[in-house]
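Okay, here's what each chain looks like letter by letter:
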Amino acid sequence: QVQLVESGGGLVQPGGSLRLSCAASGNIFSINRMGWFRQTPGKQRDLVAGIYFSSGNIDYADSVKGRFTISRDNAKNTVILQMNNLKPEDTAVYYCNIFYRTFQSSAYDNYWGQGTQVTVSS
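Note that the structure is a prediction, hence the values are computed from the model and not measured.

Criteria and thresholds
Residues numbered from 1 in each chain as written. Predicted model: local features only at pLDDT ≥ 70, side-chain atom pairs only at ≥ 80, totals over all residues. Heavy atoms only, no water. Helix = DSSP H or I, 4+ residues; strand = E, 2+ residues; numbered from the N terminus. Rg over C-alpha atoms; globule rule 2.2 N^0.38 Å. Contact = heavy atoms within 4.5 Å. Lys, Arg positive; Asp, Glu negative; His and termini not counted. Charge placed at Lys NZ, Arg CZ, Asp CG, Glu CD. Salt bridge = Lys/Arg side-chain N within 4 Å of Asp/Glu carboxyl O. Pairing = 2+ DSSP bridges. 1 Å grid on protein atoms, 1.4 Å probe; cavity = no way out; pocket = protein on both sides within 12 Å on 5 of 7 lines; lining within 4 Å. Points joined across faces, edges and corners; volume = space filled by probe spheres on them. Nonpolar A, V, L, I, M, F, W, Y, C, P; charged D, E, K, R; others polar.

Turning our eyes to something else, we now look at the overall build of the chain. Along the chain, the regular secondary structure elements total zero helices and eleven strands. The linear arrangement of helices and strands in the chain, starting from the amino end, is β-β-β-β-β-β-β-β-β-β-β. Against the 2.2 N^0.38 benchmark of 14 Å for 122 residues, the chain shows a C-alpha radius of gyration of 14 Å, consistent with a compact globule. With the C-alpha coordinates of the chain rotated into their principal frame, the extents come out at 50 × 25 × 20 Å. The contacts of the chain with a sequence gap of at least 6 include a subset with a gap of at least 24, amounting to 55%. Distance between charge centroids for the chain: 3 Å, based on 11 positive and 8 negative side chains.

Next up, the structure:
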């Protein structure tokens, strides 16, 4: 069993900043990648930013490059998403995602957090 504890999110004015945190715990042998996705009503869930735990390689959605920064703490199985210069179009539910292996299996699996609302509005 894996648990993802998300924190951060909320209401912010355009141009403001927010910080999202996601901590993973439980039956985790290794983590391939953690990241954040976002979803608005009626649309698919899209990648915002993801980070590979071994290499440190990072993927960003084009729409957030230069404004969002993702980082990790391997020892704490935690990822942080620093979001600056927020825009109304960043409004969405943000979901933490982990791609990981358990101690009992050689296969990797996906797990999602419950989501946190980010609203950018004046």
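Once that is clear, we can look at the pattern of salt bridges. Tallied over the entire structure, the rule returns four salt bridges. When the shortest N-O distance is used, the salt bridge between Asp-59 and Arg-33 registers 3.7 Å. Of this pair, Asp-59 sits in strand β6 (residues 58-60) while Arg-33 is found in strand β4 (residues 30-39), placing the two residues 26 residues apart along the sequence. Linking Asp-90 and Arg-67 is a salt bridge whose minimum nitrogen-to-oxygen distance equals 2.7 Å. Linking Asp-90 in the loop between β8 (78-83) and β9 (92-101) with Arg-67 in the loop between β6 and β7 (68-73), this pair joins segments that are 23 residues apart in sequence.

In this structure, strand β1 (residues 2-7) lies alongside strand β3 (residues 18-26), joined through six bridges in antiparallel fashion. Within β3, the residue paired with Glu-6 across the bridge is Cys-22. Note: β3 against β8, six bridges, orientation antiparallel. Paired with Arg-19 across the strands is Gln-82, a residue of β8.

Its boundaries defined by the atoms lining it, the largest pocket holds a volume of some 160 Å³. Lining the largest pocket we find 13 residues, and of these Arg-38, Thr-40, Lys-43, Gln-44 and Asp-46 sit closest to its centre. Of the residues in the lining of the largest pocket, the class split is three nonpolar, five polar and five charged.

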